[in-house]
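Coordinates in review
Read off the chains here:
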Amino acid sequence: MALKLGGWRALESPPLPITPKSSSSSSSSSCLNFRTPRPSSVKCDYSCFEVRDVSYRPPGTEMSLLKSVNFSLPEKSFGLIFGRSGSGKTTLLQLLAGLSKPTSGSIHIQRYGNDGHPNQSPEPLTPERVGIVFQFPERYFMADNVLEEVTFGWPRQRGDLQFKEHLALRLQRAINWVGLNGISLDKDPHTLSGGYKRRLALAIQLVQIPDLLILDEPLAGLDWKARADVVKLLKHLKKELTILAVSHDLKELATLVDQSWSMKMGGILKEEPLPL
Ligand SMILES: Nc1ncnc2c1ncn2[C@@H]1O[C@H](COP(=O)(O)OP(=O)(O)OP(=O)(O)O)[C@@H](O)[C@H]1O
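All of the points below concern the structure found in this document. (Residues numbered from 1 in each chain as written. Predicted model: local features only at pLDDT ≥ 70, side-chain atom pairs only at ≥ 80, totals over all residues. Heavy atoms only, no water.)

1. Description of the site of the ligand
By nearness alone, every residue bordering the ligand is listed as P58, L65, R84, S85, G86, S87, G88, K89, T90, T91 and H248. Contact between the ligand and K89: an oxygen atom at 2.8 Å from a side-chain N or O atom of the residue. About the coverage of the ligand: the protein hides 57% of its 640 Å² of free accessible area. Classifying every residue of the shell around the ligand by side-chain character gives two nonpolar, seven polar and two charged. (Near = heavy atom within 4 Å. Polar contact = N/O pair within 3.5 Å; in protein donor to acceptor, adjacent residues only side chain to side chain. Areas by Shrake-Rupley, 256 points an atom, 1.4 Å probe, with all protein chains shown as cover. Nonpolar A, V, L, I, M, F, W, Y, C, P; charged D, E, K, R; others polar.)

What follows is the structure, encoded as structure tokens:
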């Protein structure tokens, strides 16, 4: 089906090239942290998402849920946080997505130059730069069809044609990116298979091309086929995006993971290999 948004037609194909906001080249390498030198094989500028000494105590409580959390995630890499239920993983993701504010510490993007040193001031990681897919995202679907689900929350005021075309192109790209292009945009999202619901939830976040894509338990509740499907899709997305996931499904995600951390009870994060 051709995309129709507010009565105007968008392009049908071919898929658009993906151009992430960050222009530097890939580094599946590591910028582990300020103190760790970059491997000599990496010759170009690169960025890292950096969390420095972040602690969090919910307002009105005395208990710290996160204690001096530190980590760095290089762009276009896949980071995985694992740990016991109730240790604070989701709380950390919420801070990264800007849904709550750290009690102390900072979360920012740092660019590094050829010499491995910061080459500009760190930029705050604002919520607009982050896409988050919550656990069981399909439970929050609101619309009667796929198109409305993806465009839900878009500005409704009458923009000029150029602006609408811009949005339509982004929509088309997101749909293609997650492999939803074979699905009618008229379809009720609630009737999609489990795997396709996850694709849709990802497409909603990808319209904005987030600098950081956060996934809370991306495989939870899916059957084996849908799980394999989502892993394959994430492998594809990883080529263009920086992804941070929280999951208990370590074996299935292991082939994607560049860096991993364990969240200990009490909100203490440690870099650790996956316990496979
Ligand atoms: N606003 C809040 N006030 C007080 N305690 C909270 C608040 N939000 C979360 N908690 C508690 O903080 C702890 C960490 O919760 P969080 O959801 O981050 O854990 P988690 O590691 O993601 O767990 P799971 O794997 O089960 O999702 C839990 O004990 C939770 O009950």
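Alright, that's what it looks like, and here's the rest.
2. Comments concerning empty space enclosed by the protein
Taken as a whole, this structure holds two cavities of 30 Å³ or more when the rule is applied. By volume, the largest cavity is sized at about 80 Å³. Taken together, V133, F134, P137, R198, A201, L202, L215, D216, E217, P218, V230 and L234 form the lining of the largest cavity. When contributions to the lining of the largest cavity are tallied by element, the ones reaching two or more residues are helix 4 (194–206), strand 9 (212–216) and helix 5 (224–238). For the lining of the largest cavity, the leading source of residues is helix 4, giving three residues. The class makeup of the residues in the lining of the largest cavity is nine nonpolar, no polar and three charged. A volume near 60 Å³ is recorded for the second largest cavity. F49, E50, V51, F71, L73, L96, I107, H108, L125, L212 and L244 are the residues that line the second largest cavity. If one sorts the elements of the lining of the second largest cavity by residue count, strand 3 (residues 46–56) sits on top with three residues. Per-class residue counts for the lining of the second largest cavity are nine nonpolar, one polar and one charged. (1 Å grid on protein atoms, 1.4 Å probe; cavity = no way out; pocket = protein on both sides within 12 Å on 5 of 7 lines; lining within 4 Å. Points joined across faces, edges and corners; volume = space filled by probe spheres on them. Helix = DSSP H or I, 4+ residues; strand = E, 2+ residues; numbered from the N terminus.)

3. Description of the sheet that holds strand 6 (residues 104–112)
Taken in spatial order, the four strands make up an open sheet running 4-3-6-7, and their pairing is antiparallel. Two strands bound the open sheet, and with one partner strand each, they are strand 4 (66–74) and strand 7 (123–124). Bridge analysis of strand 3 against strand 6 gives eight bridges, and the strand direction is antiparallel. Its bridge partner lying in strand 6, V51 is registered against I107. (Pairing = 2+ DSSP bridges.)

4. Examining the sheet that holds strand 5 (residues 78–83)
An order of 8-9-10-5-11-12 is seen for the six strands of this open sheet, with the pairing classed as mixed. For this open sheet the edge positions go to strand 8 (130–133) and strand 12 (268–271), each flanked by a neighbour on one side alone. Here the average twist between neighbouring strands, direction ignored, is 20 degrees. Of the strand pairs in this sheet, strand 8 and strand 9 are connected by four bridges, and their pairing is parallel. Counted as the bridge partner of I132 is I214 from strand 9. Running over the sheet, helix 4 touches strand 8 and strand 9 and is turned about 165 degrees from strand 8. Along the sheet, helix 5 contacts strand 5, strand 9 and strand 10 (242–246); its crossing angle with strand 10, the most-contacted strand, is approximately 145 degrees. (Axes fitted to C-alpha atoms, helices over the stretch in contact; angles between N-to-C directions. Contact = heavy atoms within 4.5 Å.)

Everything listed here is a matter of coordinates, which is why it stays silent on function.
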